[in-house]
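Notes for the structure review
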Number of protein chains: 4
Amino acid sequence: MSLISPDSWVLLVLDDGSEHLVNISSKLFVTHKGRIDLETLVDKPFGIRGKTSKGVGYYVLEPGIVDHIFNLKRRTQIVYPKDAGFILLMLDVKQGDKIVEAGLGSGALCSVLARYVGDEGRVYAYERREDFIKLAKDNLLRQGVLHRVEIKHKDISDGFEEKDVDSVVIDVNDSYNYVGNAFNSLKNGGRLAVICPTTNQVQKVLEELENKGFIKIEVWENLFRAYKTNPQRLRPVDRMVAHTAYLVFAVKAFRKESVEDGSCEG
Amino acid sequence: MSLISPDSWVLLVLDDGSEHLVNISSKLFVTHKGRIDLETLVDKPFGIRGKTSKGVGYYVLEPGIVDHIFNLKRRTQIVYPKDAGFILLMLDVKQGDKIVEAGLGSGALCSVLARYVGDEGRVYAYERREDFIKLAKDNLLRQGVLHRVEIKHKDISDGFEEKDVDSVVIDVNDSYNYVGNAFNSLKNGGRLAVICPTTNQVQKVLEELENKGFIKIEVWENLFRAYKTNPQRLRPVDRMVAHTAYLVFAVKAFRKESVEDGSCEG
Amino acid sequence: MSLISPDSWVLLVLDDGSEHLVNISSKLFVTHKGRIDLETLVDKPFGIRGKTSKGVGYYVLEPGIVDHIFNLKRRTQIVYPKDAGFILLMLDVKQGDKIVEAGLGSGALCSVLARYVGDEGRVYAYERREDFIKLAKDNLLRQGVLHRVEIKHKDISDGFEEKDVDSVVIDVNDSYNYVGNAFNSLKNGGRLAVICPTTNQVQKVLEELENKGFIKIEVWENLFRAYKTNPQRLRPVDRMVAHTAYLVFAVKAFRKESVEDGSCEG
Amino acid sequence: MSLISPDSWVLLVLDDGSEHLVNISSKLFVTHKGRIDLETLVDKPFGIRGKTSKGVGYYVLEPGIVDHIFNLKRRTQIVYPKDAGFILLMLDVKQGDKIVEAGLGSGALCSVLARYVGDEGRVYAYERREDFIKLAKDNLLRQGVLHRVEIKHKDISDGFEEKDVDSVVIDVNDSYNYVGNAFNSLKNGGRLAVICPTTNQVQKVLEELENKGFIKIEVWENLFRAYKTNPQRLRPVDRMVAHTAYLVFAVKAFRKESVEDGSCEG
């Protein structure tokens, strides 16, 4: 059974429905619903229930990856879990994979990729803004996956330094400019994902993908809708996220024929 | 560089856009677009390009998890990758996790869970129909993750044998009947996902979740829409999947208060 | 050319994007963007442009039905234009139609129906709350269609007084209780629409529709999504309405066979 | 009560769920479910029930506008009722309106507009293909609204002949080329709708709308989803229409200021 330690991140779920991601080392949690002395939680198991100084009940949970993502410190639009889970599968991410990520941002997608490549895998994350790097490092550290990420404070217009990587993710404004660099870095059969907020970007990326010879090109968008959880009045919530990004996927393949009519040529 | 072996599964992507998942050991691939002598592909790298006997170009790719899922042998409605990726993150699946799955079906979701729990993890998959078990075994073997799955040909109304598991997934018609069993099997802070095709099922599951004391209850559905990939005429496809399932999530927590006003009670 | 009169309703569209539905008779419009002396607009044509006392540009438009609906005084959830336009067509509303509406509410849907039945048509609107009736009257008057609506402050559990009506719309919480009354009021071939916020209501309405012998039963929901209008960055808005209501439609037909094998029986 | 006449259009709704729009004058309806002698239906009321020669029950309904649209003869992509109802309200269509429609196509949207402008209104429908005109005429005649439509076999690049119209709808491939012509035809405060299948078209139309000085520019798309109607298993259908068109709306206003600080300038 997992116990709370003096520097654990915990998710406090109050009975009023509010959720708060806090570190035990901050010692005191104060809200208008009352005060929680965090130090008293040390050595207790996750999942316990308590009451604030004002008598409001709360649960102490181990934060999941979705809790981390929605609560991470950020200055950028983040890649949402709904998109991240789909990207993970479309890129066929496996333990041990080497992945190039262009545009680390706040580190939300990176944290998902880093979790699932495992200790043998590696994410090479390029980011040109130092303030984002600082932020993302903190977020990755918090989730215990920073050691799987090699952060590169470099300009990606010179190309990516890694070769034969399993997949590449591009999440920068002018993504279409780096499709060729992605092709050069990918192994044959390697997979590319490009995250595009606008239709104009998708159009330009599609042109580049064709030019560079990518195959299995797909464009997706997804709408996630939550429901109110009253079983007597089951219905969707009133408002929802209308758009995060269009997701473009493609696969790199050899451009020349090497097998013909059953006879190998190359 | 990954080479094709005599018993590799390969994804043939023909220039007419069709895709075929075949095993090299089947030796010959025949379609109206021509014949491919699969044995000539052995020891070639994935990603190569060839031509059929009728001169139609094709690529040979290493199938990804999404290719496997959409091409798996099945007799059941499968859990789609769009849902599977989201479930994975909502359940906070990590390497080493122990997961109970009630309703193995064709093994689509199981293959995703088994991939990401790693060799140290385990999926305990309950299924009462022997024909489904046979089918799912084949699908899991094909993806190289069968050794991470313990398949149980048992009636789940007696409860699950595993205790303190990290998460439980229920994907059977009368899922609401097993919410209590899931509660008993989960560790504190463990996460539950219930896959419900109908609103009636969601309503009953929500009632049970409240009764059993689950917290952080959420209901989601997602709509994935593909786009045509012509950059000069970017627009969604004409028709799309309208519904797969409603996804219900919840977390188990201690039901009694053990910490109050900062003072531990239990 | 349509001129602004001393008691016209006008839609002021300010250059900051804000819109305000005001009556000229209120004489002065004051906002933090400046003051507009409404009397100076009298006898000007709709469509003119002016500046507020603080120099902010604005247009004066004749409000459309959608502007009226979104700006109407209300105490209830309104039927949105997206739903109203679809209901109108599904009910096959024509000039001269007689329509029963159970649940007038704020009068949003009623204003659409009343517009399109014309002066020869009639909407019989039942409402048990007097405060709603007062509100709706005001809204219908504003749109110039009050004379086409017969408002009835009555309990609909006794049935509707009208017979052989072209269509019936039910928009009350316990709508399933009035499906039989609707059947009795409709002409043969008449059409019914039931507006249901929750899935539970839809289920009960469907049961009743089957019981009463309705045919051509359909259930729809619609998602409307707006886009940002920057042509260089075309993309959906960030957030949207996730749900208004499920729309259930059905047609009344004779329940007994009156024509068989080409030979008339009844 | 409305009776079936020898040249009525009727909607046959068979108990197997199939629907057929036929004219009584065609005398015999034959399907694999049996034969119906249509002449025996004459002088019967709409809504009756009969049996085919093979004993399959059917209803005879008066077709509604939605039935007509989905069953009309067509060679073009039609404007769906879901879009047509929304366009109707967004254009604020009223009895007596004058509307220019560029791109008559099969006449689906035209039939909706023509119905609701009434006998005092008029739709001026431009179409350059004679085969479409023939088809649309037939469809409009069938719905009894042809007399409200002035069909023009003309090239719209020369502009529209009508001035001061209440609204303009453009539904042609290169719609962006006619935004200026629409501006010239509209009255001040008049409303424009442009129907765009692709994002590229939307982008170009938005540029033109800005150039020409339109205001209140909006872009919408809508997703309609049907549900299966089994109350014990309420859930959406399996597949749905993913896309029909993006709908762009705008209002024409005076481009120069004529009222300032409350003082009229011209």
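Residues numbered from 1 in each chain as written. Chains lettered and ligands numbered in written order. Predicted model: local features only at pLDDT ≥ 70, side-chain atom pairs only at ≥ 80, totals over all residues.

1. Re the overall build of chain A
This is how it is decided: Runs of E in the DSSP output that reach at least two residues are strands. Runs of H or I that reach at least four are helices, and both are numbered from the N terminus. The contact criterion used here is simple: two residues whose C-beta atoms, placed from the backbone, lie within 7 Å are in contact.
From N to C terminus, chain A includes six helices and 17 strands. Overall, chain A is about 75 × 45 × 35 Å in size when its C-alpha atoms are taken along their principal axes. Here the analysis covers contacts within chain A between residues at least 6 apart in sequence; of these, 64% occur between residues at least 24 apart.

2. Considering the interface of chain B and chain A
Keep this limit in mind: Pairing between strands is defined by DSSP: at least two bridges between the two strands are required.
Each partner contributes residues to the interface: chain B has 74 residues there, and chain A has 75 residues. For the side of chain B that touches chain A, the leading source of residues is strand S12 (residues 215-228) of chain B, giving 13 residues. Relative to S12 of chain B, strand S12 (residues 215-228) of chain A runs antiparallel, the two sharing nine bridges. Paired with Val 219 of chain A across the strands is Tyr 227 of chain B, a residue of S12 of chain B.

3. Observations concerning the packing of helix H2 (residues 81-90) of chain C against helix H2 (residues 81-90) of chain D
Put simply, the rule is: Every axis corresponds to a line fitted to the C-alpha atoms, with the helix fit spanning only the stretch in contact, and the corresponding angles, defined between N-to-C directions, vary from 0 to 180 degrees. If an angle is under 35 degrees, it is roughly parallel; if it is over 145, roughly antiparallel; if it lies from 65 to 115, roughly perpendicular; otherwise it is oblique. Should the near helix be turned anticlockwise from the far one by less than a right angle, the crossing is left-handed, and should it be turned clockwise, the crossing is right-handed. Under the grouping applied here, Gly and all other residues not named as nonpolar or charged are polar, the nonpolar ones being Ala, Val, Leu, Ile, Met, Phe, Trp, Tyr, Cys and Pro and the charged ones Asp, Glu, Lys and Arg.
Close contact between H2 of chain C and H2 of chain D brings their axes to 8 Å; oriented N to C, the two are set at 115°. Relative to H2 of chain D, H2 of chain C is oriented roughly perpendicular. Classified by chirality, the crossing of H2 of chain D by H2 of chain C is right-handed. Of the residues in H2 of chain D, those in contact with Pro 81, Lys 82, Ala 84, Gly 85, Phe 86, Leu 88 and Leu 89 of chain C of H2 of chain C are Pro 81, Lys 82, Ala 84, Gly 85, Phe 86, Leu 88 and Leu 89 of chain D. In the contact of H2 of chain C with H2 of chain D, the residues fall into 10 nonpolar, two polar and two charged.

4. Remarks on the interface of chain C and chain D
Each side of the interface is counted separately: chain C has 74 residues, and chain D has 75 residues. Counting residues per element, the side of chain C that touches chain D draws most heavily on strand S12 (residues 215-228) of chain C, at 13 residues. Grouping the amino acids of the side of chain C that touches chain D by side-chain chemistry returns 36 nonpolar, 18 polar and 20 charged.

5. Here we look at the domain arrangement of chain A
By a widespread convention, an interface's size corresponds to the accessible area lost as its parts come together. All names here are of chain A. Note the threshold: Here the bounds of each domain stem from an automatic or database domain assignment.
Domain parsing of chain A yields domain 1 (9-63) and domain 2 (67-259). Relative to domain 2, the C-alpha centre of domain 1 lies at a distance of 33 Å. With four residues of domain 1 in contact, the opposing surface of domain 2 contributes four residues. Tallied by class, the residues present in the side of domain 1 that touches domain 2 amount to four nonpolar, no polar and no charged.

6. Side note on the relation of the copies chain C and chain D
Selection rule: Copy-to-copy alignment: least squares on C-alpha atoms, limited to residues at pLDDT 70 or above in both.
Overlay of chain C on chain D (RMSD 0.0 Å): rotation 180°, translation along the axis 0.0 Å. Classification of the inter-copy transformation places it as that of a two-fold axis. Within chain C, Gly 85 of chain C has its C-alpha nearest the rotation axis, a separation of 2.0 Å. Taken as a fraction of all interface residues of chain C, those also at the interface in chain D reach 100%, which identifies the copy contact as same-surface.

7. Overview of the environment of Lys 252 of chain B
This is how it is decided: Three exposure classes are used, all based on how many other C-beta atoms lie within 10 Å of a residue's own C-beta (placed from the backbone): buried at 20 or more, exposed at 12 or fewer, and partly exposed between those limits.
Along the polypeptide, Lys 252 of chain B turns up in the loop between strand S15 (246-251) and strand S16 (257-260). Accessibility expressed as a C-beta count within 10 Å gives 25 for Lys 252 of chain B, which makes it buried. Along the backbone, Lys 252 of chain B and Phe 46 of chain B are 206 residues apart, and their C-alpha atoms lie at a distance of 45 Å. Lys 252 of chain B has contacts with Gly 47 of chain A together with Phe 183, Leu 186, Asn 188, Gly 189, Gly 190, Leu 192 and Phe 214 of chain B, leaving out every residue within four places of it along the chain.

8. Here's the deal with the relation of the copies chain B and chain A
Mapping chain B onto chain A calls for a screw motion: a turn of 180° about the axis and a shift of 0.0 Å along it, with 0.0 Å RMSD after fitting. Here 100% of the contact residues of chain B are again contact residues in chain A; the copies associate through an equivalent surface.

9. Remarks on the confidence of the model for chain A
Low pLDDT marks stretches whose predicted atomic positions should not be read closely. Rule in force here: pLDDT is defined as a per-residue confidence score from the predictor, taking values between 0 and 100.
Of all residues in chain A, 95% have pLDDT values of 70 or greater, and the mean over the chain is 93. Per-residue pLDDT stays below 50 along residues 262-266 of chain A; that stretch engages in 14 contacts with residues further than four places along the chain or on separate chains.

10. Some details on the environment of Asn 200 of chain A
Locating Asn 200 of chain A in the fold gives a position in helix H6 (residues 199-212). Judged by local crowding, Asn 200 of chain A falls into the buried class, with 20 C-beta atoms found within 10 Å. Setting aside residues up to four positions removed in sequence, Asn 200 of chain A forms contacts with Gln 232, Arg 233 and Leu 234 of chain C together with Gln 203 of chain D.

11. Digging into the pairing of S12 of chain B
Regular strands show a simple pattern: their side chains alternate between the two faces of the sheet. All names here are of chain B. Sheet topology places S12 next to S15; four bridges connect them, and they run antiparallel. The residue bridging Glu 218 from the neighbouring strand is Phe 249, located in S15. By the bridge criterion, two bridges tie S12 to strand S13 (residues 235-236) in an arrangement that is antiparallel. Each bridged residue has a counterpart across the sheet, and for Tyr 227 the counterpart in S13 is Pro 236. Adjacent in sequence and paired antiparallel, S12 and S13 are bridged by six residues.

12. A closer look at helix H3 (residues 108-117) of chain C
All names here are of chain C. H3 sits mainly inside the fold: 10 of its 10 residues count as buried. All buried positions along H3 are accounted for by Ala 108, Leu 109, Cys 110, Ser 111, Val 112, Leu 113, Ala 114, Arg 115, Tyr 116 and Val 117. Gly 118 occupies a position one or two residues after H3 and carries a positive phi of about 75°.

13. Details of the pairing of strand S11 (residues 186-196) of chain B
All names here are of chain B. For clarity, the threshold we go by: Think of it like this: strands point away, you trace from the first strand over the helix to the second, and a clockwise trace means the crossover is right-handed.
For S11, the buried fraction is high: 10 of the 11 residues fall into the buried class. The pairing of strand S10 (residues 165-170) with S11 spans five bridges and is parallel. Within S11, the position partnered with Val 165 by the bridge is Leu 186. Handedness of the crossover joining S10 and S11 through helix H5 (residues 179-185) is recorded here as right-handed. Both S11 and S15 contribute to a ladder of six bridges, which runs antiparallel. Across the sheet, residue Arg 191 finds its bridge partner in S15, namely Val 251.

14. Observations concerning the environment of Gly 118 of chain B
Among the structural elements, Gly 118 of chain B can be located in the loop between helix H3 (108-117) and strand S8 (122-126). The contacts of Gly 118 of chain B, once residues within four sequence positions are left out, are Gln 95 and Gly 118 of chain A together with Gln 95 and Gly 96 of chain B.

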